[in-house]
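So the chains spell out like this:
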Amino acid sequence: MGIIVQKFGGSSVANVERLELVTEHILKEVEKGNKVVVVVSAQGKTTDRLIAEEAEITKNPNRREHDVLVSVGEQITIAKLAMLLTEKKHKAISLTGWQIPIITNSEFSNSRIRYIHNKTIEEYLDAGNIVIVAGFQGVDEIGNITTFGRGGSDTTAVALAASLNAERCDIFTDVDGVYTSDPRIVPTVEKLKSVSYDEMLEMSSMGAKVLHNRCVEIGKKYNVPIYVKSTFERDSIGTLVDDKNLEDLVINGVTKDDYISRITIAGLDNKIGKTCELFQILSKNLINVDVIAQSFGEHINRDIAFTVKMNDLQKTLEVLEENKDLLGAREILHSENLAKVSIIGVGIANKPGVAASMFEALYENNINMHMISTSEIKISVLVNSKDADLAVKAIHKKFFGK
Ligand code: ADP
Ligand code: ASP
Ligand code: MG
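Since this is a predicted model, take the numbers as computed values, not measurements. (Residues numbered from 1 in each chain as written. Chains lettered and ligands numbered in written order. Predicted model: local features only at pLDDT ≥ 70, side-chain atom pairs only at ≥ 80, totals over all residues. Heavy atoms only, no water.)

Describing the packing of aromatic side chains
Now for step 1: Taken as a whole and judged by the stated rule, the model has two aromatic pairs.
Now for step 2: On the basis of an interplanar angle of 10° and a centroid distance of 4.7 Å, the ring pair of phenylalanine 8 and phenylalanine 172 is categorised as stacked. Residue phenylalanine 8 is found in strand β1 (residues 3-8), and its partner phenylalanine 172 is found in strand β9 (residues 168-173); the two are separated by 164 residues along the sequence.
Now for step 3: Both rings, one in phenylalanine 279 and one in phenylalanine 306, keep their centres 5.7 Å apart while their planes meet at 70°; by these two values the pair is edge-to-face. Here the residue phenylalanine 279 occupies a position in helix α9 (residues 274-284), and phenylalanine 306 occupies one in strand β15 (residues 302-309), the gap between them amounting to 27 residues.
Now for step 4: Seen from the ring of tyrosine 227, lysine 229 lies directly overhead, with NZ or CZ sitting 5.4 Å from the centre. (Phe/Tyr/Trp six-rings, centres within 6.5 Å; stacked < 30°, edge-to-face > 60°. Helix = DSSP H or I, 4+ residues; strand = E, 2+ residues; numbered from the N terminus. Lys NZ or Arg CZ within 6 Å of the ring centre and 35° of its normal.)

Comments concerning the sheet that holds strand β2 (residues 35-40)
Now for step 1: Across the sheet, which stays open at both edges, the eight strands sit in the order β3-β6-β2-β1-β9-β11-β12-β10 with mixed pairing between neighbours. Every interior strand has two partners, whereas the edge strands, β3 (92-95) and β10 (194-196), have only one. Neighbour to neighbour, the strand axes of the sheet diverge by 20° on average, direction disregarded.
Now for step 2: Relative to strand β12 (residues 239-242), β10 runs parallel, the two being bridged by three bridges. Directly across from serine 194, in β12, lies its bridge partner leucine 240.
Now for step 3: Running at roughly 175° to β1, helix α1 (residues 16-31) makes contact with β1, β2, β6 (130-134), β9 and β11 (226-230) of the sheet. (Pairing = 2+ DSSP bridges. Axes fitted to C-alpha atoms, helices over the stretch in contact; angles between N-to-C directions. Contact = heavy atoms within 4.5 Å.)

Some words on the site of ligand 2
Now for step 1: Residues in contact with ligand 2, as listed here, are Ser41, Ala42, Thr47, Glu74, Phe136, Arg150, Gly151, Gly152 and Ser153.
Now for step 2: Glycine 151 is positioned with one of its backbone polar atoms (N or O) 2.9 Å from an oxygen atom of ligand 2.
Now for step 3: Note that an oxygen atom of ligand 2 is positioned 3.0 Å from one of the backbone N or O atoms of serine 153.
Now for step 4: In the complex, 87% of the free accessible area of ligand 2, which totals 260 Å², lies under the protein chains. (Near = heavy atom within 4 Å. Polar contact = N/O pair within 3.5 Å; in protein donor to acceptor, adjacent residues only side chain to side chain. Areas by Shrake-Rupley, 256 points an atom, 1.4 Å probe, with all protein chains shown as cover.)

Regarding helix α4 (residues 72-87)
Now for step 1: If you check α4, its first and last C-alpha atoms are 23 Å apart, about what 16 residues at 1.5 Å a residue would give, namely 22 Å.
Now for step 2: Among all positions in α4, only Gly73, Glu74, Thr77, Ile78, Leu81, Ala82, Leu84 and Leu85 are buried. Buried positions in α4, seen along its axis, are confined to an arc of 160° and lie on one side of it. More than 90 degrees from the buried face of α4, the exposed residues found are Met83 and Glu87.
Now for step 3: Positive backbone phi, at 70°, marks lysine 89, one or two positions downstream of α4. (Expected span 1.5 Å × (residues − 1). Buried < 20%, exposed > 50% of the residue type's maximum accessible area, 1.4 Å probe, protein only. Arc of directions from axis to C-beta.)

Things to note about the pattern of salt bridges
Now for step 1: Enumeration over the complete set of coordinates arrives at 27 salt bridges.
Now for step 2: Linking lysine 88 and glutamate 20 is a salt bridge whose minimum nitrogen-to-oxygen distance equals 2.7 Å. Taken together, the residues lysine 88 in the loop between α4 and β3 and glutamate 20 in helix α1 connect sequence positions 68 residues apart.
Now for step 3: Lysine 398 is the partner of glutamate 360 in a salt bridge, and the nearest nitrogen-oxygen pair spans 2.9 Å. (Salt bridge = Lys/Arg side-chain N within 4 Å of Asp/Glu carboxyl O.)

Side note on the site of ligand 1
Now for step 1: Near ligand 1, the surroundings consist of 17 residues, among which Thr173, Asp174, Tyr179, Asp182 and Arg184 are the closest.
Now for step 2: In the environment of ligand 1, an oxygen atom lies 3.2 Å from a nitrogen or oxygen atom belonging to the backbone of glycine 10.
Now for step 3: Calculation on ligand 1 without its partners gives an accessible area of 580 Å², and the protein chains cover 91% of this total.

Digging into helix α13 (residues 385-400)
Now for step 1: Here α13 is 16 residues long and its end C-alpha atoms lie 23 Å apart, about the 22 Å a rise of 1.5 Å per residue gives.
Now for step 2: Among the residues of α13, those classed as buried are Asp387, Ala388, Ala391, Val392, Ala394, Ile395, His396 and Phe400.
Now for step 3: The inward-facing, buried residues of α13 contact β13 (253-268), β16 (331-344), α12 (354-364) and β18 (378-384).
Now for step 4: One or two positions beyond α13, positive phi appears at glycine 401, with a value near 75°.

Notes on the sheet that holds strand β8 (residues 145-147)
Each strand in a sheet pairs with another by means of backbone hydrogen bonds, the pair being arranged parallel or else antiparallel.
Now for step 1: Read across the sheet, four strands follow the order β5-β4-β7-β8 without closing on themselves; strand pairing throughout is mixed. With one partner strand each, in any of the chains shown, β5 (113-116) and β8 form the two edges of the open sheet. This sheet shows a mean twist of 45° between the axes of neighbouring strands, independent of strand direction.
Now for step 2: Across the face of the sheet, helix α6 (residues 153-163) comes into contact with β4 (102-104), β5 and β7 (137-140) while running at roughly 45° to β5.

Observations regarding the side chain of serine 41
Now for step 1: Along the chain, the position of serine 41 falls in the loop between β2 and α2 (46-55).
Now for step 2: When neighbours within four sequence positions are excluded, serine 41 is seen to be in contact with Lys7, Phe8, Gly9, Gly10, Val13, Glu74, Thr77 and Ser153.

Regarding the packing of helix α7 (residues 197-205) against helix α8 (residues 213-222)
Now for step 1: Across the interface, α7 lies against α8 with an axial gap of 8 Å and an inter-helix angle of 165°. What the angle tells us is that α7 and α8 run roughly antiparallel. Once α7 is placed against α8, the crossing between them reads as left-handed. Two secondary-structure elements touch here, α7 through Tyr197, Asp198, Met200, Leu201, Ser204 and Ser205 and α8 through Asn213, Val216, Glu217, Gly219 and Lys220.
Now for step 2: Residues of the contact of α7 with α8, tallied by class, amount to four nonpolar, four polar and three charged. (Parallel < 35°, antiparallel > 145°, perpendicular 65-115°, else oblique. Left-handed = near helix turned anticlockwise from the far one by under 90°. Nonpolar A, V, L, I, M, F, W, Y, C, P; charged D, E, K, R; others polar.)

Structure follows, in structure tokens:
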């Protein structure tokens, strides 16, 4: 029998009753003779609470200390779950990211995994333990605790599955699979039996937080079958994310990514290299840019607009103001409270009419689009945040009939 990695998210481990349910899923695999590695998140809203407590002290926390603080929640869960299994007379051991260790780079709050030492986990598994690992954390080469970004426990789970050569990775959560849209927004969603890595990657990157997008990247790279299942159902089949035939699919989902702002640089110098310079400056300041649009008027100058996450807005504006003269920009404008709504599906690029249908759904509901971007397998539009849920519902209805 092989190794199975199971991951349980915040709501699945929120209290002792739920941890009891979690032990049932674990023991089911143990009884089949599998070696089980369990990754858990912080209980319920613990991470949000830690961040709120931090805000009582500072609005601009030291990034290293921020990671030390937010990594604590997971440590509580691993100890509790190990104790509960021990109470049930099973051998279990808890491990933090640095005890394994999971070695990362030093980008606090958004660190990336360099490698995982399998030895510690393998020895505990061979000695008959259920190994319980704290999600979303690692340690850099000089011993600093780092975290992977919100929702990063999924990435811990799939990375461990890849590194340990596990048979599969089961992501247990509060929904029983991946749906055509967020079931909390669109009540008429349909569950997908399976979805390809590429489509899932687009859905996650576009805001479907059911899976952390980096876990899908790792799954694709190392060919780890990922099942998304419900903690609250005994025999949830869930959705399989793997490499299936991409040709058969058309539209697979509608997603929403909130808290976006748009920045417009009006009258940028129309010289070769200015656009490059602009994005180099942003990249140097670790600002992630998403949708980009450029317009050419008859004038010598041009306008460039792009989106950033709301929490990067202030920093972006400061950086741009500092470099305004260098870029030869006339004016820097911004709008806040926008959301990106996207449709995902292989073959969108080759299907005439998909964009028209999407825009029609928005028009019929009087929703204004601020920006549009397309790729091989997605079309995204920027709308006001207050219209975003209506936009998701309207587009879902257009493509899925409900
Ligand atoms: P966990 O705490 O288990 O990691 P998350 O809250 O991160 O769970 O992710 C699960 C949530 O993702 C669901 O409750 C659901 O509201 C949301 N979600 C967004 N888009 C989708 C989708 N396309 N399919 C399923 N769930 C989705
Ligand atoms: N506890 C972290 C968060 O709330 C990581 C996770 O749950 O995946 O973002
Ligand atoms: Mg999650």
